[in-house]
Amino acid sequence: LSSGINAEYGGKPPQVDWDKIPGNPDKKYSLLLYSPDCSNCKVHWWAANVRIGEDVTHDDVTQVHNYTPPVPLKGTGFYRYVLVLLEQLSDVEVEEPVDRISELTGLIDQHSLTPVGVSFFQSSWDNSVGRTLAEKLNLDEKQFVAERPKLSAEFYAEELFLRKEWEMKTDFM
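First, a word on what this report is: a plain description of the structure on this page. Nothing here was measured: the structure is a model prediction, and the numbers come from that model. (Residues numbered from 1 in each chain as written. Predicted model: local features only at pLDDT ≥ 70, side-chain atom pairs only at ≥ 80, totals over all residues. Heavy atoms only, no water.)

## Things to note about the overall build of the protein
- Broken down by element type, the protein carries three helices and six strands.
- Its helices and strands in sequence order give the protein the pattern β-β-β-β-β-α-β-α-α, from N to C terminus.
- In the protein, buried positions account for 38% of the 173 residues.
- Long-range contacts, defined here as pairs at least 24 residues apart, represent 71% of the contacts in the protein between residues at least 6 apart.
- On the protein, roughly 11200 Å² of surface is accessible, and the fraction owed to carbon and sulfur atoms is 51%. (Helix = DSSP H or I, 4+ residues; strand = E, 2+ residues; numbered from the N terminus. Buried < 20%, exposed > 50% of the residue type's maximum accessible area, 1.4 Å probe, protein only. Contact = heavy atoms within 4.5 Å. Areas by Shrake-Rupley, 256 points an atom, 1.4 Å probe, with all protein chains shown as cover.)

## Description of the sheet that holds strand β1 (residues 4–6)
- Ordered in space as β1-β6-β5-β2-β3-β4, the six strands form an open sheet in which the pairing is mixed. Lying at the two open borders of the sheet, with one neighbouring strand each, are β1 and β4 (62–65). Neighbouring strand axes in the sheet, compared pairwise and without regard to direction, differ in orientation by 25 degrees on average.
- Pairing of strand β2 (residues 28–34) with strand β3 (residues 43–51), which is carried by six bridges, proceeds in the antiparallel orientation. Opposite L33, over in β3, you have W45 as the bridge partner. (Pairing = 2+ DSSP bridges. Axes fitted to C-alpha atoms, helices over the stretch in contact; angles between N-to-C directions.)

## Some remarks on the pattern of salt bridges
- Under the definition given, this model contains three salt bridges.
- We note a salt bridge from E87 to K27, for which the minimum N-O separation is 3.1 Å. Here E87, found in strand β5 (residues 79–88), pairs with K27, found in the loop between β1 and β2; they are 60 residues apart in sequence, far enough to count as distant.
- Residue classification places K27 among the partly exposed residues on the basis of a relative accessible area of 32%.
- Between K28 and D91 there is a salt bridge; the shortest N-O distance is 3.1 Å. Linking K28 in strand β2 with D91 in the loop between β5 and α1 (104–110), this pair joins segments that are 63 residues apart in sequence. (Salt bridge = Lys/Arg side-chain N within 4 Å of Asp/Glu carboxyl O.)

## Notes on the environment of V129
- Within the secondary structure, V129 sits in helix α2 (residues 128–137).
- C-alpha separation for the pair V129 and P69, spaced 60 residues apart in sequence, amounts to 8.4 Å.

## A short note on unusual backbone geometry
- Of note in this structure, S112 is not a glycine but carries a positive phi near 50 degrees.
- Following the sequence through the fold, S112 ends up in the loop between α1 and β6 (113–124).
- According to the relative accessible area criterion, S112 is partly exposed, its value standing at 37%.
- Residues other than glycine seldom take positive phi values, yet N138 does so here, at roughly 55 degrees.

## With respect to the side chain of S35
- With respect to the helices, strands and loops of the structure, S35 is situated in the loop between β2 and β3.
- Of note is the side chain of S35, whose polar atom sits 3.3 Å from the backbone nitrogen of C38.
- Apart from residues no more than four positions distant in its own chain, S35 is found in contact with C41, K42, H44, Y79, R80 and Y81. (Polar contact = N/O pair within 3.5 Å; in protein donor to acceptor, adjacent residues only side chain to side chain.)

## A look at the nonpolar core
- Core analysis: the largest hydrophobic core is formed by 24 residues, its most contacted members being L31, L33 and W45.
- Looking at this core, the elements with two or more residues in it are β2, β3, β5 and α2.
- Looking at this core, the element that brings in the most residues is β5, giving four residues.
- Those residues within four positions of W45 in sequence are excluded, and the remaining contacts are P13, P14, L31, L32, L33, V56, Q63, H65, N66, Y67, L83 and R100.
- In terms of nonpolar packing, the next biggest core, distinct from the first, is built from 15 residues, L32, V43, A48 and L113 among them. (Core = buried A, V, L, I, M, F, W, Y, C linked by side-chain atoms within 4.5 Å.)

Take a look at the structure:
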């Protein structure tokens, strides 16, 4: 998986084809979906204590964070998403909830994880993003809407227009 998709198509967790992943069946792994571009939700999914070939929804798998679909904000272009396979030295046990805005390197260091595989994709905004923000993250998409700063050409064109308009009003005086 290394292409661009609409956010709606990322509505379900990635399918893992274990046949293409070399690994030690005696070790446990974490699958972590991370977005370096998303300020309100960097960790989109974290399944820990997974064995090679095991269904990531199996009861023995710890869902540190349930899957959250991509949430690229409107007008911000593509967001990058990274699915990382991390080898664990021991079982990942999480006492307190891990913040969804945690940095990937911090999580790797804190839980003694070693990256052993990676896949990338990009996602862009569509109508599903507002629903996902509301249902999964309890956020209103409208809070992220911001007016784009004017380009200098737009600023000067508006200034020129206002000046000409003022001159027209004052010509007959």
